[in-house]
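Spelled out, the chains give:
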Amino acid sequence: MIAKRAQEIAPFLVMDVLERARMMEQEGTHIIHLEIGEPDFDTPQCVKDAASKALEQGRTHYTHSLGDRALREAISQYYLETYNVSVHPDQIVVTSGTSPAMFLVFSALLERGDQVIISDPHYACYPNFIKFVQGVPVTVPVYEEDGFQYRPESIEEKITGRTKAIFINSPANPTGNLLSESRMQAIAEFSPLIVSDEIYHGLVYEGKERSILEFTDNAFVLNGFSKLYAMTGLRLGYLIAPQAFIRPIQKIQQNFFISANSVVQMAGIAALEGSAEDDVARMKRIYNERRQYMVKRLKELGFGITVEPTGAFYVFANARHLSGDSYKLAFDILEKAHVGVAPGVDFGSNGEGYLRFSYANSLENIAEGLDRIEHYADKQSPIEQLG
Ligand SMILES: Cc1ncc(COP(=O)(O)O)c(C=O)c1O
């Protein structure tokens with residue numbers, strides 16, 4: 001009875017860890033959450049005020065299917081000011097989060113059997129979006145010693161007549177690393193379209209993130225408000241596409257989603273027009289303190305971090321000194337140390353042997369979580385026990 005596509009879609013393993021953690025919490029166990037991929041900060045007050053105001057003003061109806069014009073103009077202005085690139089508001093489609101934006105892009109782009117190159121490890125959902133619309137994800141391994149950056153020559157080897165797009169994500173989930181300007185330039189010069197997930201832009205603590213649009217117009221941008229503005233539950237994102245794709249994407253949006261949430265779009269304008277600037281700066285400063293602390297402690301505990309992550313809010317650490325099986329290890333740490341961590345294998349087979357630690361939690365909780373892991377590791381007779 002159940003359609004093949006629904007049967008075959010892979011679960012998001014980190015959610016398994018989270019659900020088990022929640023169950024343990026209900027039974028009275030105190031858990032430290034380092035597995036969660038969302039900001040722990042409250043949404044900026046100006047964003048909440050703008051949403052309340054929009055509600056009071058009765059802005060509760062459908063908007064234009066591409067998104068409120070004022071929001072699209074604010075996004076266009078933001079890309080101009082931040083990256084010095086010119087994006088026409090009519091090249092922007094506002095969506096209920098970055099995830100639906102990804103669905104729209106792949107729906108408009110892929111025929112059955114078309115290939116999309118993604119890195120391994122990668123954000124767990126990427127291959128599922130591609131497969132859902134009958135595309136084929138083609139993975140290119142990226143390595144710890146390279147800061148998990150693509151090697152352009154490894155991408156080139158995988159390009160075939162069926163390659164429709166190359167997917168990039170910088171800063172990246174799960175690694176927290178950035179793609180260098182020179183590698184980005186080299187990738188932009190390949191002929192397939194580039195799909196660039198820029199959702200962690202703004203959360204960069206050393207160096208500078210670059211938009212793919214600084215290198216080529218032959219690209220789609222995916223972006224949203226979830227991470228930088230701590231707006232995960234409000235569900236607001238957008239895509240930027242080459243003009244020829246806008247009408248097809250708009251038709252899919254009209255049929256499947258009609259428009260993004262009207263009230264939240266008003267909140268998005270407030271976030272972009274500068275009123276959230278101070279909150280963003282404060283969150284960024286605190287993330288950076290936590291990042292420095294976490295990297296230092298993890299190294300002291302024997303985890304491998306060859307190139308320190310400088311973006312997003314993740315550390316992807318080599319945990320092979322404890323186990324080669326990251327799924328078992330994550331659950332063992334949860335059961336015995338009461339700390340939630342994400343298994344590296346959730347992000348691709350090349351992520352096996354790693355754990356993803358999120359620093360979207362207070363410094364106090366991070367310290368407590370790492371103390372517990374230290375105690376766990378001391379008591380562990382590694383390798384043999386967990387394989
Ligand atoms: C790399 C990446 N892209 C997209 C998303 C989805 O974000 P949104 O909340 O905008 O749908 C996430 C969420 O964790 C992510 O890590």
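Residues numbered from 1 in each chain as written. Predicted model: local features only at pLDDT ≥ 70, side-chain atom pairs only at ≥ 80, totals over all residues. Heavy atoms only, no water.

Undergrad: Quick question: what am I supposed to make of the layout of surface pockets here?
TA: A water-sized probe rolled over the atoms picks out the places where empty space is left. Estimated volume of the largest pocket: approximately 520 Å³. Taken together, the elements giving at least two residues each to the lining of the largest pocket come down to helix H2 (13–26) and helix H5 (98–109). For the lining of the largest pocket, the residue count by class is 11 nonpolar, 8 polar and 7 charged. Considered as a void within the structure, the second largest pocket measures approximately 420 Å³ in volume. Lining the second largest pocket are 20 residues, with Tyr78, Thr82, Leu228, Tyr229 and Glu277 sitting closest to its centre. Looking at the lining of the second largest pocket, the elements with two or more residues in it are helix H4 (69–83), helix H10 (262–275) and helix H11 (277–300). Split into classes, the residues belonging to the lining of the second largest pocket amount to 10 nonpolar, 5 polar and 5 charged. (1 Å grid on protein atoms, 1.4 Å probe; cavity = no way out; pocket = protein on both sides within 12 Å on 5 of 7 lines; lining within 4 Å. Points joined across faces, edges and corners; volume = space filled by probe spheres on them. Helix = DSSP H or I, 4+ residues; strand = E, 2+ residues; numbered from the N terminus. Nonpolar A, V, L, I, M, F, W, Y, C, P; charged D, E, K, R; others polar.)

Undergrad: I keep staring at the packing of H4 against H10 and nothing clicks. Help me out?
TA: Packed helices, taken two at a time, are described by their axes: the angle between them and the distance between them. In the contact formed by H4 and H10, the axes pass within 9 Å of each other and the chain directions differ by 25°. It follows that H4 is roughly parallel to H10 by the angle criterion. Both H4 and H10 take part in a crossing whose hand is left-handed. Here H4 contributes Ala70, Leu71, Ala74, Ile75 and Tyr78 to the contact with H10, which in turn contributes Gln265, Gly268, Ile269, Leu272 and Glu273. In terms of residue class, the contact of H4 with H10 is made up of 7 nonpolar, 2 polar and 1 charged. (Axes fitted to C-alpha atoms, helices over the stretch in contact; angles between N-to-C directions. Parallel < 35°, antiparallel > 145°, perpendicular 65-115°, else oblique. Left-handed = near helix turned anticlockwise from the far one by under 90°. Contact = heavy atoms within 4.5 Å.)

Undergrad: Before we go on, may I ask you to explain the site of the ligand in this structure?
TA: Close to the ligand lie 14 residues; Thr98, Ser99, Asp197, Ser226 and Lys227 are nearest. A molecule is said to occupy a pocket when more than half its atoms come within 2 Å of that pocket's grid points, and by this definition the ligand occupies the largest pocket. At 3 residues, H5 tops the list of elements feeding residues into the shell around the ligand. Looking at the shell around the ligand residue by residue, the class counts come to 5 nonpolar, 6 polar and 3 charged. (Near = heavy atom within 4 Å. Sits in = over half its atoms within 2 Å of the grid points.)

Honestly, that's just the spatial picture; any functional story needs more than this.
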